[in-house]
Amino acid sequence: VPPTLVGVLQARLDALPSDERRTAQLASVIGMRFWDASLAALGAPVSTSLHGLLQRDLAAEQTPGSLAGLREFIFKHQSLHQVAYDSVLKRVKRDLHARVAHWLVSLPGAPPLELVAEHFERGGDPHRALDYWQRAAEAAARSYANAQALAHAERALALTSAGDLPRRYALTLLRCRGLELLPDREQRATGLGALQAIADEAGKG
């Protein structure tokens, strides 16, 4: 975001009533999209502050929402979301991300796997983030969403320990299957080489 725009948006946030400013900050941690129930779970005064953000044209309601039974909202501008997020202290963000992850997991039905994974990772829980990134990659592969499957598998691999050979092999195999659909032969060869290296390492053990 250009520095001049950052200044304008930051000034606009600073001018908000304290409840609305805090709600905007909490919403920014949830993401570009957020829900009234998620704000309530983080302790935001939803009944008054959310209405203020809508009235000031800082956020808008999304219909239909992506989570059944919940009212969904979106920041009107991506830059505003980023500036609000940057205004939250790092040590506070970590706890908030963890709380959002647990809120998402507590919802009935299947949770949005990649969103849960993202919040667990930013919330300082790499082990649970790894599980959800892997599940997200597997679900994307089953749906033939190749680009998403590759991206999620790579996020999972980045969190996998060197000694966890079974998981590294499963994720690398998943990645190789996705690479088969790409025209880049060199990338496919590199993926297969990594798969073979893991198999060789496991064989030595």
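The rules we used
- Residues numbered from 1 in each chain as written.
- Predicted model: local features only at pLDDT ≥ 70, side-chain atom pairs only at ≥ 80, totals over all residues.
- Heavy atoms only, no water.
- Helix = DSSP H or I, 4+ residues; strand = E, 2+ residues; numbered from the N terminus.
- Buried < 20%, exposed > 50% of the residue type's maximum accessible area, 1.4 Å probe, protein only.
- Contact = heavy atoms within 4.5 Å.
- Pairing = 2+ DSSP bridges.
- Phe/Tyr/Trp six-rings, centres within 6.5 Å; stacked < 30°, edge-to-face > 60°.
- Lys NZ or Arg CZ within 6 Å of the ring centre and 35° of its normal.

Relative to the helices and strands, D36 is located in helix 3 (residues 36-41). Given a relative accessible area of 21%, D36 falls into the partly exposed group. On a C-alpha basis, the gap between D36 and D164 in space is 39 Å, while along the polypeptide they are 128 residues apart. Excluding its chain neighbours within four sequence positions, the residues that come into contact with D36 are V46, L50, R71 and F73.

Of the two faces of strand 3 (residues 72-75), the one holding E72 and I74 and the one holding F73 and F75 are both buried throughout. By the bridge criterion, four bridges tie strand 2 (residues 59-62) to strand 3 in an arrangement that is antiparallel. Residue pairing for strand 3: E61 is matched across the bridge by F73.

What follows deals with the packing of aromatic side chains. Within this structure, the stated rule accounts for four aromatic pairs. For the ring pair F34 and F73, a centre distance of 6.0 Å and an interplane angle of 20° mean the geometry is stacked. Placement of F34 in strand 1 (residues 33-35) and of F73 in strand 3 is noted, with a sequence separation of 39 residues between them. The pair formed by F34 and F73 is uniform in burial state, with each residue classed as buried. With 6.0 Å between their ring centres and 35° between their planes, W35 and W103 make a pair best called tilted. Residue W35 is found in strand 1, and its partner W103 is found in helix 6 (residues 90-106); the two are separated by 68 residues along the sequence. W103 shares its class with W35; the two are buried. Through pairs of rings, three or more aromatic residues link up here, namely F34, F73 and F75. One cation-aromatic arrangement involves K93 over Y85; the distance from NZ or CZ to the ring centre is 3.9 Å.

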